[in-house]
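Coordinate analysis (summary)
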Amino acid sequence: SFLTSKAMKRLIFIPFLLLTIHLLADTQTTRIDKNLTIYTDVMRQLDINYVDTLNYDNLIESSINYMLHKVDPYTLYIPKREDDELRRMTQGKYGGVGSLIMYRDSNVFVNELYEGMPAQQAGLLPGDRFVKVDGMDCKGKNTKEVSDKLRGKPGTTIEIILERDSQLITKQVTRRDIHLPAVSYATVLQDSIGYILFSEFTANSAQEFLAALDAMVHSHGIKRLIVDLRGNGG
């Protein structure tokens, strides 16, 4: 009799728990729907009464970004037009010229070049100052604005005007699919110490890290390991 009663309590409790969860979910959904309706009504009133034409895409995007900043500044909203940026962050791939750039004194400069990539093959050098990229004057622009111009569909060609040693240089550079290695550099230092420069957290970063580590363990029998995470935005 005791076992039967205990089993019945379990059978009664589980459906009750599921019903409670379902009701809570319904309540939350109703609250979201209600507030979205209010938001939509405000947008419609603005559209009717505002003196100028509204840019709905910008308004919605600004609203989303402000909400995320208030709730969780580490969560990013990436609109569809920035698919290239999403590929870079998650897969370590993007369409571009294969260079790292830096901002200094209101100008953007070439900082580093990826080996065998379009920027290097076209003759760009570290220290070159960007004057124009695809027709855009780079004076006063930040690294994101210049980077956005450098990136694009693989196979397309852009004109880059640079300043080097006080002379203007024009380069035609054809974009390619650029793959950013998660492990930029790996070596064995003295006293059996392994060193891994772990630059990116992307789709294949774990495999690249393990491959570098296995190679050092099997070839050199390392006993200690330095993992360098400087500059790793992950």
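Let me begin by describing the structure that accompanies this report. Nothing here was measured: the structure is a model prediction, and the numbers come from that model.

**A word on the overall build of the protein chain**
If you tally the helices and strands in the protein chain, you get 6 helices and 11 strands. Looking at the protein chain residue by residue over its 234 residues, the buried ones come to 26%. As displayed, the protein chain has an accessible area near 16,300 Å², and 57% of this comes from carbon and sulfur atoms.

**What about the pattern of salt bridges?**
All chains considered together, the criterion is met by 6 salt bridges. The residue Arg104 makes a salt bridge to Asp105 at a minimum N-O spacing of 4.0 Å. A relative accessible area of 40% places Arg104 in the partly exposed class. Residue classification places Asp105 among the exposed residues on the basis of a relative accessible area of 63%. For Lys144, the salt bridge is made with Asp148, and the minimal N-O distance between the two is 2.9 Å. Placement of the pair is Lys144 and Asp148 together in helix 5 (residues 143-150), with a separation of 4 residues, close to one helical turn. Among the residues examined, Lys144 registers a relative accessible area of 51% and is labelled exposed. Residue Asp148 is classed as partly exposed on the basis of its relative accessible area of 43%.

**Thoughts on the side chain of Arg175**
Along the chain, Arg175 turns up in the loop between strand 7 (167-174) and strand 8 (176-179). No salt bridge is formed by the buried Arg175; its nearest oppositely charged neighbour, Asp134, is found at 4.5 Å. A polar side-chain atom of Arg175 sits 3.3 Å from the main-chain carbonyl oxygen of Arg151. Of note is the side chain of Arg175, whose polar atom sits 2.6 Å from the side chain of Thr156. The contact partners of Arg175, leaving out residues within four places of it in the chain, are Gly95, Gly96, Val97, Lys149, Leu150, Arg151, Gly152, Lys153, Pro154, Gly155, Thr156 and Ile158.

**Observations regarding the layout of surface pockets**
Over the atoms, a rolling probe the size of a water molecule traces out where space has been left empty. Looking at the second largest pocket, its volume works out to about 150 Å³. Forming the walls of the second largest pocket are Asn35, Leu36, Tyr39, Ile60, Ser63, Ile64 and Met67. Every element with two or more residues in the lining of the second largest pocket is listed here: helix 1 (2-49) and helix 2 (56-71). Residue classes in the lining of the second largest pocket are distributed as 5 nonpolar, 2 polar and no charged.

**Some details on the packing of aromatic side chains**
The full count for this structure, using the stated rule, is 3 aromatic pairs. Within the aromatic cluster, the residues linked to one another by ring pairs are Phe198, Phe201 and Phe209. Sitting above the plane of the Phe109 ring, Arg104 keeps its charged end 4.4 Å from the centroid.

**Let's talk about unusual backbone geometry**
Phi at Ser106 takes a positive value of approximately 65 degrees, unusual for a residue other than glycine. Mapped onto the secondary structure, Ser106 falls in the loop between strand 2 (99-104) and strand 3 (107-113). Look at Ser106 and you get partly exposed, because its relative accessible area is 34%.

What counts, and where the lines are drawn
Residues numbered from 1 in each chain as written. Predicted model: local features only at pLDDT ≥ 70, side-chain atom pairs only at ≥ 80, totals over all residues. Heavy atoms only, no water. Helix = DSSP H or I, 4+ residues; strand = E, 2+ residues; numbered from the N terminus. Buried < 20%, exposed > 50% of the residue type's maximum accessible area, 1.4 Å probe, protein only. Areas by Shrake-Rupley, 256 points an atom, 1.4 Å probe, with all protein chains shown as cover. Salt bridge = Lys/Arg side-chain N within 4 Å of Asp/Glu carboxyl O. Lys, Arg positive; Asp, Glu negative; His and termini not counted. Polar contact = N/O pair within 3.5 Å; in protein donor to acceptor, adjacent residues only side chain to side chain. Contact = heavy atoms within 4.5 Å. 1 Å grid on protein atoms, 1.4 Å probe; cavity = no way out; pocket = protein on both sides within 12 Å on 5 of 7 lines; lining within 4 Å. Points joined across faces, edges and corners; volume = space filled by probe spheres on them. Nonpolar A, V, L, I, M, F, W, Y, C, P; charged D, E, K, R; others polar. Phe/Tyr/Trp six-rings, centres within 6.5 Å; stacked < 30°, edge-to-face > 60°. Lys NZ or Arg CZ within 6 Å of the ring centre and 35° of its normal.

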